Amino acid sequence: MTFRHFSDPITLHPSFSLPSRAILSPLEGIMNRDFFFDAACSLGLLDSWMPPFLGVSRGAVPATGKLKKRFAHFLDSALPLTVQLLGNDADSLAETAHRLAECGVRSVNLNFACPSGTVVRSGSGGALLRDVRHTAEIAAVLCSRVPQLCVSVKLRSGFSCAEETGELIRRLCGAGVSWILFHFRTVSENYAFVGRDEAFRRIGVAVQAAGAVPVFGNGDIRTPEDAGRMRDASGCAGVAVGRGFLKNPFLLREIRGACPDEDARRLFLEALFRRAASGPGRRKHDFYLECVRMACGADSAEFQEALRRK
Ligand SMILES: Cc1cc2nc3c(=O)[nH]c(=O)nc-3n(C[C@H](O)[C@H](O)[C@H](O)COP(=O)(O)O)c2cc1C
């Protein structure tokens, strides 16, 4: 049944709930920066965490101490935390999840979505959608070895064809995953344009195939109205916002029903622009410049100004 308010909480596992149905989709290179973490906490930009993926290679399981250090500030913030794992070796992923549980983590997410060439060539992320059986096996191993954890997956609609969605989702639900974060594009489509009706249709197919397993829709949400339309058209249980958060860091709050706060938004973006204009190291500078491009668009006066000052 479609929920009424994005501010409604949702229980995803006996040990894990989210306070609302509007979450930040993981953004590698962004939420792991102090600037965004501090802003997110001080301005209440979000009410749960799913930081960018932790890569886990075969036989290279991170030590518990290292995991504790990496996620301490998220755990200390007291907001529910989901740790996303990226890898293709079920045993190493399960052992990492086990160690995360020892650190106090209650929820892990398996990345079966990343379209980056490097990740796909390594056989992880979106590459796993080429072999649905193997993908479901990895999920099943995690669900059975760490039943105390809420195990979810981040998916695209298929590797090269969105018609793969139904089979993929049925197998993953059969493996026991607790919920699904679903980006409507295929891996091959990367970030290519997909019309809104087709996007919602794909999410609707995922929702139908998942049955009682909650699906959070993801992709191209820029406004609270976009989130409402996605929910109404697809029946998804919640939404995840990625790039739209950079354009409007208050978007999740607004989706949850808070009034737009133009002053706070301006202050946040100004702080970001200052970083873009005066980042101490070249790599850092380029990173903030990229943020301004994503937040305001390549044609925007803000981006052109940041470029000029480079
Ligand atoms: C800079 C950047 C970094 C990303 N990092 C991750 C990641 O670590 N894990 C992941 O599952 N998705 C990652 N994504 C994908 C987003 O979470 C999201 O699924 C995708 O951008 C579509 O949603 P959007 O249209 O709201 O941005 C990343 C996307 C961007 C633009």
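Note on numbering: residues in each chain are counted from 1, in written sequence order. Local features in this predicted model are restricted to residues whose pLDDT is 70 or higher, and side-chain atom pairs enter the listing and the counts only when it is 80 or higher, whereas totals over whole chains, interfaces and linings include all residues.

Draft legend 1. Geometry of the sheet that holds strand E8 (residues 179-183). Strands are labelled as partners when DSSP assigns at least two bridges between them. Elements are defined by DSSP. Helices are runs of H or I of four residues or more, strands are runs of E of two residues or more, and each kind is numbered from the N terminus. Spatially, 8 strands are ordered E3-E10-E9-E8-E7-E6-E5-E4 in an open sheet, and the strand pairing comes out parallel. Edge positions in the sheet fall to strand E3 (22-24) and strand E4 (54-55), since each has one partner strand and no second. Summarising the sheet, E4 and strand E5 (residues 83-86) pair through 2 bridges and their orientation is parallel. Paired with Gly-55 across the bridge in E5 is Leu-86. Each of E5 and strand E6 (107-112) is contacted by helix H3 (residues 90-102), which is oriented at about 160° to E5, the strand it contacts most. Distance between backbone-placed C-beta atoms decides contact: two residues are in contact if it is within 7 Å. Where helices are involved, their axes are fitted lines through C-alpha atoms of the stretch in contact, as for all axes, and angles between N-to-C directions lie from 0 to 180°.

Draft legend 2. Quick look at the domain arrangement of the protein chain. Taken domain by domain, the protein chain comprises domain 1 (18-258) and domain 2 (265-308). Here the C-alpha centroids of domain 1 and domain 2 sit 27 Å apart. Delimitation of the domains relies on an automatic or database domain assignment.

Draft legend 3. Structural view of H3. Here a helix's expected span is defined as the number of its residues, less one, multiplied by 1.5 Å. Relative to the 18 Å expected for 13 residues at 1.5 Å per residue, H3 spans 18 Å between its end C-alpha atoms, a close match to the ideal helical length. The complete set of buried residues in H3 reads Leu-93, Ala-94, Thr-96, Ala-97 and Leu-100. For H3, the angular spread of buried residues about the axis comes to 160°, placing them on one side. Buried residues in H3 make contact with helix H2 (64-76), E5, E6 and helix H5 (132-145). Looking one or two residues beyond H3, the residue adopting positive phi is Gly-104, at roughly 105°. Think of it as a crowd count around each C-beta: if 20 or more other C-beta atoms lie within 10 Å the residue is buried, if 12 or fewer it is exposed, and in between it is partly exposed, with C-beta placed from the backbone throughout. Starting at the helix axis, one direction is taken to each C-beta atom, and the arc is that of these directions.

Draft legend 4. Quick peek at the site of the ligand. Near residues are defined by distance alone, with the backbone-placed C-beta atom required to lie within 6 Å of the molecule or strand. Looking at the ligand, there are 22 residues lining it, with Ser-25, Glu-28, Pro-52, Gly-242 and Arg-243 nearest. Residues are grouped as follows: nonpolar covers Ala, Val, Leu, Ile, Met, Phe, Trp, Tyr, Cys and Pro; charged covers Asp, Glu, Lys and Arg; every other residue, Gly included, is treated as polar. Here the residues of the shell around the ligand are counted per class, giving 9 nonpolar, 9 polar and 4 charged.

Draft legend 5. Molecular detail of the packing of helix H7 (residues 196-210) against helix H8 (residues 224-234). Look at H7 against H8: their axes get within 8 Å of each other, and the N-to-C directions meet at 50°. Comparing the axis directions of H7 and H8 gives the class oblique. The handedness of the crossing between H7 and H8 is right-handed. Listed contacts from H8 to Phe-200, Ile-203, Gly-204 and Val-207 of H7 are Met-230, Ala-233 and Ser-234. Per-class residue counts for the contact of H7 with H8 are 5 nonpolar, 2 polar and no charged. If an angle is under 35 degrees, it is roughly parallel; if it is over 145, roughly antiparallel; if it lies from 65 to 115, roughly perpendicular; otherwise it is oblique. Crossing handedness is read from the near helix: turned anticlockwise from the far helix by less than a right angle, it gives a left-handed crossing, and turned clockwise, a right-handed one.

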